[in-house]
Amino acid sequence: MAPVTGTTATAVDTGGHTLTAAELAAVRADFPLLERTVRDGRPLVYLDTAATSQKPQCVLDAEQDFYERRNAAVHRGAHALAEEATEAYEAARAAVADLVGVDAGEIVWTKNATEGINLVAYAISNATLGRGGAAAERLRLRAGDEIVVTEAEHHANLVPWQELCARTGATLRWLGLTDDGRIDLDTLPVINERTRVVAFTHASNVTGAISPVGPIVAAARAVGALVVLDACQSVPHLPVDLRALDVDFAAFSGHKMLGPTGVGTLYGRRELLEAMPPVLTGGSMVEVVTMAETTYMPPPQRFEAGTQMVAQTIGLHAAVGYLAELGLDGVAAHEAELGERMLAGIAEIPDVRVLGPADGADRLATVAFAVEGVHPHDVGQFLDDAGIAVRVGHHCAQPLHRRLGVASSARASAGIYTTPDDVDAFLATLARVRPFFVEGRA
Amino acid sequence: MAPVTGTTATAVDTGGHTLTAAELAAVRADFPLLERTVRDGRPLVYLDTAATSQKPQCVLDAEQDFYERRNAAVHRGAHALAEEATEAYEAARAAVADLVGVDAGEIVWTKNATEGINLVAYAISNATLGRGGAAAERLRLRAGDEIVVTEAEHHANLVPWQELCARTGATLRWLGLTDDGRIDLDTLPVINERTRVVAFTHASNVTGAISPVGPIVAAARAVGALVVLDACQSVPHLPVDLRALDVDFAAFSGHKMLGPTGVGTLYGRRELLEAMPPVLTGGSMVEVVTMAETTYMPPPQRFEAGTQMVAQTIGLHAAVGYLAELGLDGVAAHEAELGERMLAGIAEIPDVRVLGPADGADRLATVAFAVEGVHPHDVGQFLDDAGIAVRVGHHCAQPLHRRLGVASSARASAGIYTTPDDVDAFLATLARVRPFFVEGRA
Amino acid sequence: MSSTSSGAMEQLYQQLILDHARERHGYGLRDAADPSRVGESFQVNPTCGDEVRLRVELSPDSGAVSDLSWEGIGCSISQASTSVLSDLVIGAQVSDVVATSDRFSELMQSRGAGLGEEAEDALGDAAAFAGVSKYPARVKCALLGWMALRDALIKVSKGE
Amino acid sequence: MSSTSSGAMEQLYQQLILDHARERHGYGLRDAADPSRVGESFQVNPTCGDEVRLRVELSPDSGAVSDLSWEGIGCSISQASTSVLSDLVIGAQVSDVVATSDRFSELMQSRGAGLGEEAEDALGDAAAFAGVSKYPARVKCALLGWMALRDALIKVSKGE
Ligand SMILES: Cc1ncc(COP(=O)(O)O)c(C=O)c1O
Ligand SMILES: Cc1ncc(COP(=O)(O)O)c(C=O)c1O
Ligand code: FES
Ligand code: FES
């Protein structure tokens, strides 16, 4: 991982290995929220990192420092503050680009990953309506065109494509899943010469399964389809090199990678961003505006209309610096160990079933599970009462749950600050769930 | 102004009057950035509030406190943290609604005002493409339909409508301006029975002119057109009651009203929001999702796809509390005094011309001006060198500048923390600009 | 780390609730004697995706609920609440049903404060859900069946 | 509060710059002797909306710039920079023009550090703009004319 310039804070450098107890304690000391108690004084065991991560102090400090010393409108003013703010803002873009192995000019700020995916879908839809001139020709959809997703998708990488199809007349198709929730490569022939876009997740937010990116990208390339990667769950937990993965677009969110809420990133291959008509329009993305018509700036500015989430990009810069200093390989190693521990522990609890891959290979420390005869919400409530925060529901992936034969699930997910003790506390309480609800009380 | 519950901090209550020197000093003490120096130690004179406002400490504290104690995904989890985060998030919505006199269910979070206006334009465009079923019928555009804006608009309230016209085949028309930059009511007949939307600014970010909302709304109502108000510059500086103004939509940004970057608001009249198809799609705004199709939640959730800028809404809540405690009538009175002082001072400087209304009636303390023979950027640079931050350029309003016979301008704008001394320092330095550039140096 | 479940769990999941969640009174949609006096509603809890389909049949004079049956999936709170609802509603006067439903909603909005003894007594077994009101995320669970009931009553009165 | 302008202003706005901004050498588009050897470029600075239209004509062997003229609006930096450019470029070899333009860009990116005496000497009067590089927002002003020049040279070489 290339060192990233910018605000960093932790002294811990994992060197690519899993953390020692002392290192883990040092990391945890950086996260103020982890010290709090919930439900009448129980220490918090936060196992909901896949929904949103907690933030290290350096991220909060970076944002606060920006507001206290450099806050100004960027790319618009000539005064000293505006200069400093613009510089900090563009340095954040460079740091994020560096983290995922692309150029700064290929990083578009969004408010979250959802907006990033929608941005691509609307650019295609605007191109189809004739916007963007000759350059946008390759983006236009025609009758008979198909868009391919998978059954494993978060709604954020499914519904925008359904809506794009509804707006343009294209047809949505999808890759199927195996019974343990992995993308079934036997269904790859769904990608065919009518396929114009293949959108899939790098890692599932439910099953934790990491997708076989290579074969899917190869199938898409073979038919000339664009590839959109939902990198929401991978970028925070694994070393990710988007150039090496050879995808055209990728979206991820700051709040899941130790950064602030309100900021996300869309990566787009340069020549594609250049070919895309704008989506949101307004200030700071135009060249010449008359009442009758407007010309647009080159990317990434073309896609950043209006005043951006400047302070949040600066917070994200600090988060990226923190992750880079830890080393994403070390983050991955630490979390892999926790994932194994969860899976092994759950395997020993009667009547608890893991939804997704049962072993630790090619998966995140994100484990969805079902307790036989107990509704996930009741499972979550019981864990919560012990101070253990897991997520319950469909996790914005209704089709995936339906495919796995359930309406919803409970999910425990780890982060860099999660300890083996957290996992053990979770497992001990989980073992008491079914007795409480099903076997009746004394 | 109804008292707003939530985090508030200042002890100053203007009682609707302008501030005493002591009160003003107390207000300024709440804004840490105002203490900094620029350009080799010059005290900062911040006259760029119309671009973005500075933030009081309570706003920074509210965000920080959220991250340190309550950060979690909202509307999705059942655990204790998620409960607390959801509650704080919805309380922020209620506070913003209260500030502008509407219901919480009519407030949609956006990343900025620009997104809010685009949201309305894309909902109309999606309706025109057949989305939203029978409910969306009233939003569909047909051949011959017209959309009316004004020549005074910020690009954020012009370009989205140009693009909507380009996507749908509707025609853009506009109200003209008088020579001092006010909307020319003689051009009201541009609004006719083909007009479907009338979009205009409540107050210009260049001339400071406050628009005659009543007659324009009446003209729109007479032909059944929807009214979209760009309230970016009014909500931070004046008491605004959107229900009383009888507009259908209004957009404004947190960062201009003492709040964080990355959060904005779209107000929409309830039955219109209910009739609108979604724009951004993804998690947290759906009911039932299958691979083939999706049903959507009611507003405001329908328009809030993905993880929102939660911490920023909480910061904005603190800003709204701060404004409400000051009292917007007091804010307006203080700023009116500063505006008069600027206008009177400029009138005494030879060869400096105000772009916009020359007297203080119905205008903000936002003053654009031209120095004869000196380019605005050079004016800004000279002021900056003395520590005075003004904005230069077209201020995202090229057509307005063209109408006033210039390509760009310099603009000084005041906020609640601006002092008469700030204005005097600005005037003294402004008086030296032309001598420096035009009259040659000794 | 607490190693036994706290009293809060026993308070929320009263034995009566766990029993009803298992037994689910009224479960299984029944055909109506007279379709013109039947109202049906399908409700989804969007947070979790759980669903209930509930059918009411009114007495010939429309004054009372002569039958009620339902189907669906959901957590123990939602299943138990709909089960208790069935017991309370079948045979009751429509006006009383509406009053009970209002009172139950009020209880759910009380954020743990309750409604006072008298009002809770009037709710009968439904008062066992008082603990739910402490957990905002679960209020919708307890109300799911009741919302379907209200909707079904509106539909039958409109003759839909 | 400083009551006189600081040395920084005199350093940025050298007298040479203010003079050129007033005089604008090369201003006013001139018709070409031979249209096939002419390249023209129109550039906008999107931050401020300022514009320049610049025309170059090459010598018959295409080795030198035989004429250059321009029009536009902009700040003193942009006007002076394009004026100085005219002086430097008219009559110069195309290869030298490209080298000067590269060197000038480098100077502008130097963030106040400059390029060292030798390199700056080679820039002639254009070295007076060294101070601009301290102000990132103004770099585009100084480069506006030079960007138009580069673009015009590309166009003439393509025969557009
Ligand atoms: C009048 C007006 N409208 C719209 C906007 C756009 O606001 P934002 O950039 O926060 O989206 C601004 C500010 O830039 C403005 O002053
Ligand atoms: C796999 C995946 N994709 C997309 C998203 C959407 O991210 P956001 O809600 O930050 O837009 C999430 C998280 O919610 C996710 O886990
Ligand atoms: S969790 Fe779905 S109804 Fe209770
Ligand atoms: S400010 Fe426009 S070119 Fe310098």
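Up top is the structure.
Residues numbered from 1 in each chain as written. Chains lettered and ligands numbered in written order. Predicted model: local features only at pLDDT ≥ 70, side-chain atom pairs only at ≥ 80, totals over all residues. Heavy atoms only, no water.

Colleague: Just checking my understanding: could you explain the overall build of chain A for this structure?
Modeller: Secondary structure assignment for chain A yields 14 helices and 17 strands. Relative to the 2.2 N^0.38 estimate, which gives 22 Å for 442 residues, the radius of gyration of chain A is 22 Å and therefore close to what a compact globule would have. Along the longest, intermediate and shortest principal axes, the C-alpha atoms of chain A span 75 × 55 × 35 Å. For chain A, with 442 residues in total, the buried portion stands at 70%. Carbon and sulfur atoms form 52% of the exposed surface of chain A, whose accessible area is close to 12,400 Å². Taking the average place of the 35 positive charges on the side chains of chain A and the average place of its 55 negative ones, the gap between the two points comes to 6 Å. (Helix = DSSP H or I, 4+ residues; strand = E, 2+ residues; numbered from the N terminus. Rg over C-alpha atoms; globule rule 2.2 N^0.38 Å. Buried < 20%, exposed > 50% of the residue type's maximum accessible area, 1.4 Å probe, protein only. Areas by Shrake-Rupley, 256 points an atom, 1.4 Å probe, with all protein chains shown as cover. Lys, Arg positive; Asp, Glu negative; His and termini not counted. Charge placed at Lys NZ, Arg CZ, Asp CG, Glu CD.)

Colleague: Just to check I follow, could you spell out the overall build of chain C for this structure?
Modeller: Of the regular secondary structure elements, chain C holds six helices and three strands. Listed by position from the N terminus, the elements making up chain C come as α-α-β-β-β-α-α-α-α. In terms of principal-axis extent, the alpha carbons of chain C reach across some 55 × 35 × 25 Å. Per-residue burial for chain C yields a buried fraction of 51% across its 160 residues. Considering only contacts in chain C between residues 6 or more positions apart, those separated by 24 or more positions represent 62%. In the structure as shown, chain C presents an accessible area of about 6,900 Å², 49% of it carried by carbon and sulfur atoms. A distance of 6 Å separates the average location of the 14 positive side-chain charges in chain C from that of its 23 negative side-chain charges. (Contact = heavy atoms within 4.5 Å.)

Colleague: Can you help me understand the site of ligand 1 in this one?
Modeller: In the vicinity of ligand 1 there are 16 residues, among which Thr307(A), Thr114(B), Asp230(B), Ser253(B) and Lys256(B) approach most closely. Two or more chains meet at ligand 1, and those chains are chains A and B. Separating an oxygen atom of ligand 1 from a side-chain N or O atom of Thr114(B) is a distance of 2.5 Å. For ligand 1, a nitrogen atom lies 2.5 Å from a polar atom in the side chain of Asp230(B). When ligand 1 sits alone it has 390 Å² of accessible area, and the protein chains cover 99% of it. (Near = heavy atom within 4 Å. Polar contact = N/O pair within 3.5 Å; in protein donor to acceptor, adjacent residues only side chain to side chain.)

Colleague: Would you take a moment to explain the site of ligand 2 for this structure?
Modeller: Thr114(A), Asp230(A), Ser253(A), Lys256(A) and Thr307(B) are the nearest of the 16 residues found near ligand 2. Residues within reach of ligand 2 are spread across chains A and B. Here an oxygen atom of ligand 2 sits 3.3 Å away from a polar atom, N or O, in the main chain of Ala113(A). Asp230(A) places a side-chain nitrogen or oxygen 2.5 Å from a nitrogen atom of ligand 2. The protein chains hide 99% of the 390 Å² of surface that ligand 2 would expose on its own. For the shell around ligand 2, the per-class residue count stands at three nonpolar, 10 polar and three charged. (Nonpolar A, V, L, I, M, F, W, Y, C, P; charged D, E, K, R; others polar.)

Colleague: Looking at this structure, how should I read the pattern of salt bridges?
Modeller: Any two side chains of opposite charge can pair, given that their charged atoms come close. Enumeration according to the criterion identifies 76 salt bridges over all chains in this entry. Arg28(A) serves as the salt-bridge partner of Asp422(A), at 3.4 Å between the closest nitrogen and oxygen. Of this pair, Asp422(A) sits in helix 13 (residues 420–430) while Arg28(A) is found in helix 1 (residues 21–29), placing the two residues 394 residues apart along the sequence. With relative accessibility at 9%, the residue Asp422(A) sits in the buried group. The residue Lys155(D) makes a salt bridge to Asp151(D) at a minimum N-O spacing of 3.3 Å. With a gap of four residues between them, Lys155(D) and Asp151(D) both fall in helix 6 (residues 136–158), about one helical turn apart. (Salt bridge = Lys/Arg side-chain N within 4 Å of Asp/Glu carboxyl O.)

Colleague: What exactly am I supposed to notice about the nonpolar core here?
Modeller: A general trend in soluble globular proteins is that nonpolar side chains are found buried together. Val27(A), Phe200(A), Leu242(A), Val27(B) and Leu242(B) are the most contacted members of the largest nonpolar core, which totals 180 residues. Once residues lying within four places of it in the same chain are set aside, the contact partners of Leu242(A) are Val100(A), Val102(A), Leu229(A), Val247(A), Ala250(A), Phe252(A) and Tyr267(A). The next biggest cluster of nonpolar side chains, apart from the first, holds 84 residues, and it includes Leu141(A), Val149(A), Leu158(A) and Phe249(A). (Core = buried A, V, L, I, M, F, W, Y, C linked by side-chain atoms within 4.5 Å.)

Colleague: Whenever I open this one, the packing of helix 2 (residues 15–23) of chain C against helix 3 (residues 76–89) of chain C confuses me. Can you help?
Modeller: If you want to describe how two helices pack, look at the angle between their axes and the distance between the axes. Residue and element names in this part refer to chain C. Put simply, helix 2 and helix 3 touch, their axes get as near as 7 Å, and they point 85° apart. Judged on the interaxial angle alone, helix 3 and helix 2 are roughly perpendicular. Residue-level inspection shows Leu16, Ile17, His20 and Ala21 of helix 2 in contact with helix 3, the latter providing Ser76, Gln79, Ala80, Ser83, Val84 and Asp87. For the contact of helix 2 with helix 3, the class distribution of residues is five nonpolar, four polar and one charged. (Axes fitted to C-alpha atoms, helices over the stretch in contact; angles between N-to-C directions. Parallel < 35°, antiparallel > 145°, perpendicular 65-115°, else oblique.)

Colleague: Hey, could you run me through the interface of chain A and chain B in this one?
Modeller: A common measure of how large an interface is: the accessible area buried when the components associate. At the junction of the two partners, chain A supplies 98 residues and chain B supplies 98 residues. Each partner contributes to the roughly 7,900 Å² buried at the junction of chain A and chain B, and carbon and sulfur atoms together form 54% of this total. Between the two partners, chain A and chain B, sit eight salt bridges. One salt bridge connects Arg39(B) with Glu83(A), and the closest N-O pair in it is separated by 3.1 Å. At the boundary of chain A and chain B, one finds 51 residue pairs in polar contact (both at pLDDT 80 or more). The greatest single-element share of the side of chain A that touches chain B, amounting to nine residues, is contributed by helix 2 (residues 57–69) of chain A. (Buried area = accessible area lost by both parts, 1.4 Å probe.)

Colleague: Sorry if this is basic, but what is going on with the relation of the copies chain A and chain B here?
Modeller: Note that the two copies of the chain are related through a rotation about an axis and a translation along the same axis. You can overlay chain A on chain B at an RMSD of 0.0 Å; the transform is a turn of 180° with a shift of 0.0 Å along its axis. Considering both components of the superposition, the chain copies are consistent with a two-fold axis. Here 100% of the contact residues of chain A are again contact residues in chain B; the copies associate through an equivalent surface. (Least-squares fit on C-alpha atoms with pLDDT ≥ 70 in both.)

Colleague: For this particular structure, what's the right way to read the pairing of strand 3 (residues 65–73) of chain D?
Modeller: Side-chain direction in a regular strand flips from residue to residue, so the side chains alternate between the two faces of the sheet. Residue and element names in this part refer to chain D. As paired elements, strand 2 (residues 50–58) and strand 3 share eight bridges and run antiparallel to each other. Each residue of the ladder has a partner; that of Val56, found in strand 3, is Leu68. Hairpin connection between strand 2 and strand 3: a loop of six residues separates the two successive antiparallel strands, and Ser62 in this loop has a positive phi of roughly 65°. (Pairing = 2+ DSSP bridges.)

Colleague: Explain the environment of Asp30(B) to me, please; I cannot follow it from the model alone.
Modeller: All names here are of chain B. By secondary structure assignment, the location of Asp30 is in the loop between helix 1 (21–29) and strand 1 (37–38). Asp30 sits 55 residues away from Ala85 along the chain, and the two C-alpha atoms are 26 Å apart. Side chain to side chain, Asp30 and Tyr322 meet in a polar contact 2.7 Å long.

Colleague: Sorry if this is basic, but what is going on with a negative patch on the surface here?
Modeller: Taken together, the side chains of Asp180(A), Glu337(A), Glu340(A), Asp359(A) and Asp362(A) make up a negatively charged region of the molecular surface. Among the secondary structure elements, Asp362(A) is positioned in the loop between strand 13 (352–355) and strand 14 (366–371). (Patch = residues over 30% accessible without salt bridge, like charges linked within 9 Å, V, L, I, M, F, W, Y side chains within 5 Å.)

Colleague: What is the right way to look at the sheet that holds strand 8 (residues 226–230) of chain B in this model?
Modeller: Within a sheet, neighbouring strands are paired by backbone hydrogen bonds and run either parallel or antiparallel to one another. Residue and element names in this part refer to chain B. Judged by pairing direction, the sheet is mixed, and its seven strands sit side by side in the order 4-10-9-8-7-5-6 without closing on themselves. The open sheet has two edge strands, strand 4 (107–110) and strand 6 (171–175), and neither has a second partner. Each neighbouring strand pair of the sheet contributes to a mean axis angle of 20°, computed without reference to strand direction. Pairing analysis gives four bridges linking strand 4 to strand 10 (residues 264–268), with the strands arranged antiparallel. Looking at the pairing, Ile107 lines up with Tyr267 of strand 10.

Colleague: When you look at the packing of aromatic side chains in this model, what are you seeing that I'm missing?
Modeller: The way to describe two aromatic rings as a pair is by their centre distance and the angle between their planes. What the rule picks out here adds up to 27 aromatic pairs over all chains. Taking the centre distance of 5.0 Å and the plane angle of 50° together, the rings of Phe382(A) and Phe436(A) count as tilted. Of this pair, Phe382(A) sits in helix 11 (residues 376–385) while Phe436(A) is found in helix 14 (residues 433–437), placing the two residues 54 residues apart along the sequence. Here Phe382(A) and Phe436(A) have matching classes, each one buried. Ring centres of Phe436(B) and Tyr13(D) lie 6.0 Å apart, and the angle between their planes is 75°; on these two criteria the pair is classed as edge-to-face. (Phe/Tyr/Trp six-rings, centres within 6.5 Å; stacked < 30°, edge-to-face > 60°.)

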